[in-house]
Amino acid sequence: MVLLHVLFEHAVGYALLALKEVEEISLLLPQVEECVLNLGKFHNIVRLVAFCPFSSSQVALENANAVSEGVVHEDLRLLLETHLPPKKKKVLLGVGDPKIGAAIQEELGYNCQTGGVIAEILRGVRLHFHNLVKGLTDLSACKAQLGLGHSYSRAKVKFNVNRVDNMIIQSISLLDQLDKDINTFSMRVREWYGYHFPELVKIINDNATYCRLAQFIGNRKELNEEKLEKLEELTMDAAKAKAILDASRSSMGMDISAIDLINIESFSSRVVSLSEYRQSLHTYLRSKMSQVAPSLSALIGEAVGARLIAHAGSLTNLAKYPASTVQILGAEKALFRALKTRGNTPKYGLIFHSTFIGRAAAKNKGRISRYLANKCSIASRIDCFSEVPTSVFGEKLREQVEERLSFYETGEIPRKNLDVMKEAMVQAEEAAAEITRKLEKQEKKRLKKEKKRLAAIALASSENSSAPEECEETSERPKKKKKQKPQEVLQENGMEDPSVSFSKPKKKKSFSKEELVSSDLEETAGTGSLPKRKKSFPKEEPVTDPDESENKRVPKKKRKLSPKEEPLSSGPEEAAASKSSGSKKKKKLRKLSQES
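Residues numbered from 1 in each chain as written. Predicted model: local features only at pLDDT ≥ 70, side-chain atom pairs only at ≥ 80, totals over all residues. Heavy atoms only, no water.

As recorded by an unreviewed UniProt entry, the protein chain carries the name Nucleolar protein 56 and is attributed to Bos indicus x Bos taurus. Here is the UniProt Sequence similarities (unreviewed entry) comment for the protein chain, exactly as written: "Belongs to the NOP5/NOP56 family." Turning to the protein chain, the UniProt annotation filed under Subcellular location (unreviewed entry) states: "Nucleus, Nucleolus". (UniProt positions renumbered as here; feature names shortened; annotations may be inferred.)

So, in structure tokens, the structure goes:
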């Protein structure tokens, strides 16, 4: 017995369902159609075998693209290989799309079926899917479908192969419309301004030049010799400028009011601006055609090539057309009229606007149009499917058409197509290599500019971050200097204890006799500690008598101080006295050593 399974693709994931009554369903199709609408009866027919949800919206988009292109995704492959029976001959898989069914049958080996009962079963699954899968609601399923639909459509528009052709199609359509509008408006200006200056119509034939002159001249009675130079600039012809000046003096036109002239001049300026915009649009179309279809534009011209692309819908569609279709493209009405009346079919369509058919003789117009359509088909295919589009092939094809024209006129045999294409291939490789080199240079320049920009941004950010630190350092430096100054002064004076030297009272006090005596005793005690500090010198250790004599002399000198002087300010003087006594001791020791 063959097991029938159904694969259903949804926005939330893949679902694999099994049918319970295979033989009855295959025989009773109307009963299946009735069971689809009833959920209870549908549950008796179908059961859910496996459900593989998508992990994210990006994965759902990838799977949707794979299914639409007829490719088996890895998630679908894993689901089928895991949950379908191992005996592939006994399994029949129902799918909705024949393309994905053929891909599954080719890659995995399962027999696939589409249409008939499978379509009805899938319709019921689509209707009751939120009831078949646990935890899935109708609202969440609708949201998933809407989100996937938006992302799928956005991806299709974004990666459209013909998106470059859209600009060419729109620009050539606008160009044709502008030509019609400029002609209509120019005829209106000619008729309007002709009431005042009718002779100007016969002298000037160009529409844009006529509008510029109508805007410049205004009232013909004000035209004089001073404006002759400006007239020569506008007409680009001295004879025409002189003829305009003469005609203005003897014109038979009616007088016109100032308000009418203002309106004519404003309308003429609009027509002039439209004609200028038409020229800029034509330049844009030429540059766009050189990028998209350089071979076709080199062969037949930018305007005719753009019209062919616009009529076909895209460059890809034009490349798919045979040469016979390209030949009569744009003459469909004449073709069907000829088929209805059994008359002669048209020989050419849009390619009639090229210069080759106009240059050919009447009997050779059909031949050259057929040959030109053949070359246009080749050029469009080269432009469509080449990686680096170049105009080399278009130029060579143009040379071939020129040779064919000369062959019809003079009988000169043209070159063979094989030789011409070999030359074109060599030149095309060189041109492609040069284009790739230019692109690489541009990419390197862009990367260098980007690096410089990033480096400048990083430098600016580092300077901004270091500015507050410098401000903090400058604010801290003067404080440190003020604290270091008194210490440096003390070290220069040779003092080790800064507390002794800078313990001055703020106010001077008068001392009594008892205080003087106590201060003398303190000084003697302080001076007695000096020889202990001098013990660090090894030469002074054995000498004791000179130290005692010096210690006695120091307090005697200090007793003669006036009471106004501070007793504690004698610290530096005592240090100086100790230094002098140390030098005397050294001298005495040297004398003793010399005498001995």
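Next comes the rest of the account.
Caption draft 1: Quick look at the pattern of salt bridges. Tallied over the entire structure, the rule returns 17 salt bridges. A salt bridge links E225 to K242; the nearest nitrogen and oxygen atoms lie 3.9 Å apart. One end of the pair, E225, is in the loop between α12 (207-217) and α13 (228-235); the other, K242, is in helix α14 (residues 238-249), with 17 residues separating them in the sequence. By relative accessible area, E225 is classed as partly exposed at 42%. On the accessibility criterion, K242 (37% relative accessible area) is partly exposed. Each of K396, E399, E403, R415 and E423 takes part in a single network of salt bridges with overlapping partners. (Salt bridge = Lys/Arg side-chain N within 4 Å of Asp/Glu carboxyl O. Helix = DSSP H or I, 4+ residues; strand = E, 2+ residues; numbered from the N terminus. Buried < 20%, exposed > 50% of the residue type's maximum accessible area, 1.4 Å probe, protein only.)

Caption draft 2: Summary view of the confidence of the model for the protein chain. Here the protein chain shows a mean pLDDT of 79. Residues at 70 or above account for 76%. For residues 478-517, every residue scores under 50 in pLDDT, and the model assigns this stretch 21 contacts once sequence neighbours within four places are set aside. This model gives residues 520-575 a pLDDT under 50, and the stretch forms 38 contacts once residues within four places in sequence are excluded. (pLDDT = per-residue confidence, 0-100. Contact = heavy atoms within 4.5 Å.)

Caption draft 3: Structural view of the nonpolar core. Counting residues in hydrophobic clusters, the biggest one holds 44 residues, and the most contacted among them are L296, L299, I300, I309, L318 and L372. If one sorts the elements of this core by residue count, helix α22 (residues 365-385) sits on top with seven residues. Built from parts of two domains, this core gets at least three residues from each of domain 2 (166-281) and domain 3 (293-434). Apart from the residues lying within four places of it in its own chain, the contact partners of L296 are G301, G305, I309, L318, C376, A379 and D383. (Core = buried A, V, L, I, M, F, W, Y, C linked by side-chain atoms within 4.5 Å. Domains from an automatic or database assignment.)

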